Amino acid sequence: MTKELGHKLTEDGLVIPLSVMAAPAPQIELIDALLEREAHKIVIGVDPGASGALATINLITGAATVDDMPVTKQKINNHTRARVNPVAIAEWLQDKARYCVLACVEKGESRPTDGPVQARNTGASWGLVVGVLAAKGIPVIDADPAKWKPVMKVTADKDTSRARACLLWPDMAHTLRLKKHDGRAEALLIAMYGILRVQRIKAREAAQ
């Protein structure tokens, strides 16, 4: 699933507050070093839940891809549950890791309405994703929903994420048409947010 994004990154009119874009200090030098290498030009966005997705955007061409989160099925208390598959994530990263500048992963926080099992699963999924990315040597930055969603002009309503992603990637609208495709849309938007963070880091460095 690929879409040429081109110069819409700057034409869309997104305004990014400096406080939102601040990257963890230990990672800034690493990201800068990766940007200096010709091959390292991909940003990954991740909605880390079992119903989430993995997206990439190429910093040079604007080409975007998105894939559903790989999962395994486990039977728990007579119910079949989907769980994030870290081995499959590692395989997905196999031909991408060396080109990756950073991965932007939605912060894995449980909601007040989540039960203890759901809260544990949220944290476990996030930990598995971040662990695999770290093992591949990819810098990871959290995407706090309270920050990335306003920046990308969406709300807690998942339909706004699908509508926004369809606006930015109209040729991918057929892959985002169903409500269950909200994870794909959010992974794409999180990847875009990651690109904007890189741009802000570089702009701040240039101004110093």
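Residues numbered from 1 in each chain as written. Predicted model: local features only at pLDDT ≥ 70, side-chain atom pairs only at ≥ 80, totals over all residues. Heavy atoms only, no water.

1. Here we look at the overall build of the protein chain
Looking only at helices and strands, the protein chain has eight helices and seven strands in total. For the protein chain, the proportion of its 208 residues judged to be buried stands at 45%. Long-range contacts, defined as pairs at least 24 residues apart, comprise 69% of the intrachain contacts of the protein chain with a sequence gap of at least 6. Summed over all atoms, the accessible surface of the protein chain reaches about 10500 Å², with 54% contributed by carbon and sulfur. (Helix = DSSP H or I, 4+ residues; strand = E, 2+ residues; numbered from the N terminus. Buried < 20%, exposed > 50% of the residue type's maximum accessible area, 1.4 Å probe, protein only. Contact = heavy atoms within 4.5 Å. Areas by Shrake-Rupley, 256 points an atom, 1.4 Å probe, with all protein chains shown as cover.)

2. So, the sheet that holds strand E1 (residues 42-47)
On the basis of which strands lie adjacent, the open sheet formed by five strands has the order E3-E2-E1-E6-E7 and mixed pairing. Edge positions in the sheet fall to strand E3 (64-68) and strand E7 (140-143), since each has one partner strand and no second. The mean angle between the axes of side-by-side strands here comes to 20 degrees, regardless of whether they run parallel or antiparallel. Relative to strand E2 (residues 53-58), E1 runs antiparallel, the two being bridged by six bridges. Along E2, the bridge assignment pairs Ile42 with Asn58. Lying on the sheet, helix H4 (residues 86-93) is in contact with E1, E2 and E3; it crosses E2 at an angle near 15 degrees. Its contacts with the sheet put helix H8 (residues 182-207) on E1, E2, E3, strand E6 (100-106) and E7, and the angle it makes with E1 is roughly 135 degrees. (Pairing = 2+ DSSP bridges. Axes fitted to C-alpha atoms, helices over the stretch in contact; angles between N-to-C directions.)

3. Brief notes about unusual backbone geometry
Notably, Lys153 is not glycine yet its phi reads approximately 65 degrees, a positive angle. Along the chain, the position of Lys153 falls in the loop between helix H6 (145-151) and helix H7 (158-168).

4. Overview of the environment of Gly45
Tracing the chain through its elements places Gly45 in strand E1. Other than its neighbours up to four places away in sequence, Gly45 contacts Ala53, Leu54, Ala55, Cys104, Ala187, Ile190 and Ala191.

5. Looking at the pattern of salt bridges
Tallied over the entire structure, the rule returns six salt bridges. Between Arg162 and Asp159 there is a salt bridge whose closest N-O contact spans 2.9 Å. Here Asp159 and Arg162 lie together in helix H7, a separation of three residues that amounts to about one turn. Members of the salt-bridge network, linked through shared partners, are Lys149, Lys158 and Glu186. (Salt bridge = Lys/Arg side-chain N within 4 Å of Asp/Glu carboxyl O.)

6. Some words on the pairing of E6
The buried count for E6 comes to seven of seven residues, which makes it a mostly enclosed element. Summarising the sheet, E1 and E6 pair through five bridges and their orientation is parallel. The partner of Gly45 across the bridge, within E6, is Cys104. Across four bridges, the pairing between E6 and E7 is parallel. Within E7, the position partnered with Val105 by the bridge is Asp142.

7. Notes on the environment of Ala55
Looking at the element boundaries, Ala55 is found in strand E2. For Ala55, a relative accessible area of 0% corresponds to the buried category. Here the alpha-carbon distance between Ala55 and Ala185, two residues 130 residues apart in the chain, equals 8.9 Å. Sequence-distant contacts of Ala55, defined by excluding residues within four places in its chain, comprise Val43, Ile44, Gly45, Thr65, Val66, Trp92, Ala187, Leu188 and Ala191.

8. Some thoughts on the nonpolar core
Trp148, Met152, Trp169 and Leu188 are the most contacted members of the largest nonpolar core, which totals 31 residues. Of all elements in the fold, only E2, E3, E6, E7, H6, H7 and H8 reach the threshold of two or more residues within this core. In terms of residue count, the dominant contributor to this core is H8 (11 residues). Counting residues in each nonpolar core, the second largest holds 19 residues, with Ile42, Leu54, Val105 and Val129 among its members. (Core = buried A, V, L, I, M, F, W, Y, C linked by side-chain atoms within 4.5 Å.)

Interpretation note: all reported values are geometric properties and have no functional meaning in isolation.
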